[in-house]
Amino acid sequence: MGTHPEPLSPETVFLQRLRANKSALFEEGHPDDATSDMGFVKRVNGLLALETRMLDLQHKKLQGALKLSNRSHSRLPADLTAAIGSRGELKTYGELIAFGHWLFLDNMPGVTPTGGRKVNPRTLLKTVAAALLIHAKPGAGGCRKIRITKKTLSENWSRLFRETAKHSDFDARLKTMRRLVPAYLNHIKNRRFSPGGKLITRAPRIKAIAASLDATRSAPPSAPQAQMPISQPVALSPATHTAAAALPAGFTFFLTYSSPATETEYRQRSTGALGQAELVYRVEPLQASEPGAKIRADRRNSLVLTPDLALRKNFRTVALIDRMVVLLDTRRTTSSAHIKKLLNAGAGRDAYVQDRTRYPARNATDWRSCLPPLAPAKTAGQHFAILLQDPTPEALRETLDVIDANCRITGQPSLFLVELSLDFYPRSDKSPDQCLLLREQLVGALQRHQWCSPAAIAGITAYSPSHSDARQVYPDPKTGTGRPHFFFSKRAQSRTMSDTQLDVELVRTRILGAGRGKDLHLDATIYQGAAHAELMISVQHKIADRRNPARQTSMKLPEPERRGRVELTILGEEKLRAYGITGVNDLGKIDFRNMRRNMLHFRLPICQHDAAALEDTKTQLQSRGVYGVDLAARARAIEARGGSRPPRQPLKAPREGLSLVDWTEANDAAGQALDRLQRQWRGFSWR
């Protein structure tokens, strides 16, 4: 008795039909493996066609073998010209191909260049494909009833490409779609788009995407949030308190210096001449990250605390490489003094030069003590480390040219240290007194809201893990020397343990029982990460440059050049390699925005809709910033679920940023400054 073949799946049947039609609109294979841009477009179009068909089958609840009777699927257009109707309207399977033609082959005519990051056309095409899949769902209703959000894009991206994507990945992609999709439709409206010689007059499905994007942007917030006036005191939730109470619409921190002497030094005015600096905060209901989106269940009815600074109006942001250390070898034998003399004469630069074989710097306590050792057989006078201050592409190229012309550099110079800085200056249209007060407010905000992932730098130290914890360093009024004051004071039994070791009860006790710590002083430098470790973050009130701690010398800056600074130090060839930097030529193609991820970031604290929770958050914010707010919230979450380690099961600490949200205004300013820095270094190469 013969056996019947198993029925083919609908997916297999449709794939066979795609192959049988031999349409030029599709191509088999994974999109990322395509050897050409239009091959990439055709592969994405094939995945979109397949998933669209599968959604249709799911809607009709078909089971078993499928007999394709729908003409739109049995007779696919042979090419893009065949996918354009008699009146110029694009048919289903031609929409993405036409958009890809405009994107890749025509180079996006009609798009006005902006100063931001360059658009990745492949990412944009995949995002538009995910949006088309959202609209392909049967029974979804009119285009203005369909919401295209980060969540829906993430879900459909995963369905199309079998790749996981975070919701946050679509922040920039949504902005790019909102800017470029209307430009594409306007190009069609002007009757200038004729791929293959046939005019396109309508792209109905991509036009529906544009309508959904407009509807999502203009959608009002959810009803409970819209009814809550921001400017009025906020009532406590009945579930939190039995008696109704009012929360303030804002509060103020008074900003201080560590001593009257340092106040005079930083202000260049007599003590009390301008009054005490203040940092004003707004207390507002937490809003969704984009209009019409929903807030996570665990964050509903939360409050967000935001500094009232008007960053874009009052400050300008500059990104720069503050210092770098270049490692190079020379063919000719020379000396540090000779190279230094050459640079002074030929490049007009004063650089620190160290012969790595002759001067091991045993007593050095800075980056020199971390230099990788050389083999004993290496020849003295041929291996150097050169420290450059404020390097630019032109200065770096000139420095290497001078050394190469006189000593013959062998191989490609590598990098050992890079300091990436963000400087915030008060705008020049303010008066001197206004600039001073704005600068003090900004420094107070940077100290409290700069966010560096504790897990990213915890334990990166040759000493105890606690050396990487957040601390402020300011001069002692009696001795004048600075010493660290940790945000969470170290107790005897847990002195060597890091604040991030929340699975240890002693650490949780230290954090939750800390009370109010020392105020963050305006003349203090905030550090996170161990000294001379692979990664370290610092926040500085910059009033002097060229500091030499050994000689106790510095160059005082004039008032317009004084600023607030956040600095990321990356030390060591291995760590720089993780950021994509090996030789100096990598500076011409590095993504500076990627370097700031989880490091040069700014966040805001949130708290429950409760007076006691607000006071706790304010206390942490005043003396420890978002660092303390987040650690205290995570420690409380562990205690709330028992705090004890289950047998044979490690205690998992809650995720970082449990009680934080992004400070969008500050992050946008930092990102745009880094984009400008990237354009400055783009294309750099030496030899």
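Residues numbered from 1 in each chain as written. Predicted model: local features only at pLDDT ≥ 70, side-chain atom pairs only at ≥ 80, totals over all residues. Heavy atoms only, no water.

### Digging into the overall build of the protein
And step 1. Per the secondary structure count, the protein includes 20 helices and 19 strands.
And step 2. When contacts within the protein are restricted to residue pairs at least 6 apart in sequence, those whose partners lie at least 24 apart make up 75%.
And step 3. Of the accessible surface of the protein, which amounts to about 33,700 Å², a share of 50% is contributed by carbon and sulfur atoms. (Helix = DSSP H or I, 4+ residues; strand = E, 2+ residues; numbered from the N terminus. Contact = heavy atoms within 4.5 Å. Areas by Shrake-Rupley, 256 points an atom, 1.4 Å probe, with all protein chains shown as cover.)

### Let's talk about the packing of aromatic side chains
And step 1. For the structure on display, the rule yields 17 aromatic pairs.
And step 2. Seen from their ring centres, Phe-40 and Phe-104 are 6.4 Å apart, and the 70° between their planes marks the pair as edge-to-face. Residue Phe-40 is found in helix α2 (residues 37-60), and its partner Phe-104 is found in helix α4 (residues 95-105); the two are separated by 64 residues along the sequence. In terms of burial, Phe-40 and Phe-104 fall into one category: buried.
And step 3. Among the aromatic residues, ring-to-ring pairing joins Phe-99, Trp-102, Tyr-184 and Phe-193 into one connected group. (Phe/Tyr/Trp six-rings, centres within 6.5 Å; stacked < 30°, edge-to-face > 60°. Buried < 20%, exposed > 50% of the residue type's maximum accessible area, 1.4 Å probe, protein only.)

### What about the pairing of strand β5 (residues 302-307)?
And step 1. Along β5, six of the six residues are buried, which leaves the element largely enclosed by surrounding structure.
And step 2. In β5, alternate side chains face the same way, and those of Ser-302, Val-304 and Thr-306 on one face and Leu-303, Leu-305 and Pro-307 on the other are all buried.
And step 3. As defined by bridge partners, strand β4 (residues 277-285) adjoins β5 across five bridges and the pair is classed as antiparallel. Note on β5: the bridge partner recorded for Arg-282 is Thr-306.
And step 4. Bridge count between β5 and strand β18 (residues 601-608): three bridges; the pairing is antiparallel. Paired with Val-304 across the bridge in β18 is Ile-606. (Pairing = 2+ DSSP bridges.)

### Some words on the environment of Gly-411
And step 1. Looking at the element boundaries, Gly-411 is found in strand β9 (residues 409-426).
And step 2. We classify Gly-411 as partly exposed; its relative accessible area is 48%.

### Topic: the sheet that holds strand β14 (residues 535-542)
And step 1. Spatially, nine strands are ordered β7-β8-β6-β9-β17-β14-β13-β11-β12 in an open sheet, and the strand pairing comes out antiparallel. Each having just a single partner strand, β7 (352-355) and β12 (482-486) make up the two edges of the open sheet. In this sheet, neighbouring strand axes are inclined to one another by 20° on average, regardless of whether the strands run parallel or antiparallel.
And step 2. In the sheet, β7 pairs with strand β8 (residues 383-389) via four bridges, with the strands oriented antiparallel. Bridge pairing in β8 links Tyr-352 to Leu-387. (Axes fitted to C-alpha atoms, helices over the stretch in contact; angles between N-to-C directions.)

### As for the side chain of Ser-466
And step 1. Tracing the backbone shows Ser-466 in the loop between α15 (454-457) and β11 (471-475).
And step 2. Residue Ser-466 is classed as buried on the basis of its relative accessible area, which comes to 4%.
And step 3. Within the local environment of Ser-466, its side chain forms a polar contact with the backbone oxygen of Arg-495, the two atoms lying 3.0 Å apart.
And step 4. Apart from residues no more than four positions distant in its own chain, Ser-466 is found in contact with Phe-486, Lys-490, Arg-495, Thr-496, Met-497 and Ser-498. (Polar contact = N/O pair within 3.5 Å; in protein donor to acceptor, adjacent residues only side chain to side chain.)

### Brief notes about the packing of α4 against helix α7 (residues 170-189)
And step 1. Running from N to C, α4 and α7 cross one another at 95°; their axes reach a closest spacing of 11 Å. Considering their axes alone, α4 and α7 lie roughly perpendicular with respect to each other. The segment α4 lies against α7, with Glu-95, Ala-98, Phe-99 and Trp-102 engaging Leu-180, Ala-183, Tyr-184 and His-187.
And step 2. Grouping the amino acids of the contact of α4 with α7 by side-chain chemistry returns six nonpolar, one polar and one charged. (Parallel < 35°, antiparallel > 145°, perpendicular 65-115°, else oblique. Nonpolar A, V, L, I, M, F, W, Y, C, P; charged D, E, K, R; others polar.)

### Examining the packing of α4 against helix α5 (residues 121-136)
And step 1. In contact at an axis separation of 11 Å, α4 and α5 are set at 160° when each is read in the N-to-C sense. With respect to α5, the element α4 is oriented roughly antiparallel. As for how α4 packs across α5, the hand of that crossing is right-handed. In contact with Leu-96, Phe-99, Gly-100, Leu-103 and Phe-104 of α4, α5 contributes Pro-121, Arg-122, Leu-124, Leu-125, Val-128, Ala-129 and Leu-132.
And step 2. The class makeup of the residues in the contact of α4 with α5 is 10 nonpolar, one polar and one charged. (Left-handed = near helix turned anticlockwise from the far one by under 90°.)

### Description of the pairing of strand β6 (residues 315-330)
And step 1. Along β6, 12 of the 16 residues are buried, which leaves the element largely enclosed by surrounding structure.
And step 2. Note: β6 against β9, 14 bridges, orientation antiparallel. Note on β9: the bridge partner recorded for Ala-319 is Leu-422.
And step 3. Judged from the seven bridges that link them, β6 and β8 form a sheet pairing that is antiparallel. Across the sheet, Val-325 pairs through a bridge with Leu-387, a residue of β8.

### A look at the pattern of salt bridges
And step 1. Here the structure, examined in full by the defined rule, presents 34 salt bridges.
And step 2. Linking Asp-32 and Lys-126 is a salt bridge whose minimum nitrogen-to-oxygen distance equals 3.9 Å. Here Asp-32 is found in the loop between α1 (10-21) and α2, whereas its partner Lys-126 is found in helix α5, with 94 residues between them in sequence.
And step 3. The residue Lys-542 makes a salt bridge to Asp-545 at a minimum N-O spacing of 3.8 Å.
And step 4. On the basis of relative accessible area, Lys-542 is assigned to the buried category, the value being 13%.
And step 5. What emerges from the salt-bridge pattern is a single network uniting Asp-322, Asp-423, Arg-563, Arg-565 and Glu-567. (Salt bridge = Lys/Arg side-chain N within 4 Å of Asp/Glu carboxyl O.)

### Some points on the confidence of the model for the protein
And step 1. Taken as a whole, the protein shows an average pLDDT of 83; of its residues, 83% reach a score of 70 or greater.
And step 2. For residues 1-5, every residue scores under 50 in pLDDT, and the model assigns this stretch zero contacts once sequence neighbours within four places are set aside.
And step 3. Every residue in residues 219-245 is under pLDDT 50, and counting partners more than four places away or in other chains gives 36 contacts. (pLDDT = per-residue confidence, 0-100.)

### Focus: α5
An α-helical segment advances 3.6 residues per turn. Residues three or four places apart therefore align on the same side.
And step 1. Its 16 residues give α5 an end-to-end C-alpha distance of 22 Å, which sits within 8% of 22 Å, the value for a rise of 1.5 Å per residue.
And step 2. Extensive coverage of α5 is indicated by the burial of 12 of its 16 residues.
And step 3. Restricting attention to buried positions, one finds in α5 the residues Leu-124, Leu-125, Lys-126, Thr-127, Val-128, Ala-129, Ala-130, Ala-131, Leu-132, Leu-133, Ile-134 and His-135.
And step 4. With a side-chain oxygen positioned 3.1 Å from the backbone nitrogen of Arg-122, the residue opening α5 is Asn-120. (Expected span 1.5 Å × (residues − 1).)

### Section: unusual backbone geometry
And step 1. Phi is positive for Arg-162, which is not a glycine, with a value near 55°.
And step 2. Locating Arg-162 in the fold gives a position in the loop between α6 (150-161) and α7.
And step 3. Look at Arg-162 and you get exposed, because its relative accessible area is 59%.
And step 4. Even without a glycine there, the phi angle at Arg-687 is positive, about 60°.
And step 5. By the secondary structure assignment, Arg-687 is in the segment after α20 (664-681).
And step 6. A relative accessible area of 59% places Arg-687 in the exposed class.

### Details of the environment of Leu-25
And step 1. Residue position: Leu-25 is located in the loop between α1 and α2.
And step 2. With relative accessibility at 1%, the residue Leu-25 sits in the buried group.
And step 3. The spatial distance from the C-alpha of Leu-25 to the C-alpha of Gly-39 is 9.4 Å, given a sequence separation of 14 residues.
And step 4. Excluding residues within four positions of it along the chain, Leu-25 makes contact with Lys-42, Asn-45, Pro-77, Ala-78, Asp-79, Leu-80, Ala-83, Tyr-93 and Ile-97.

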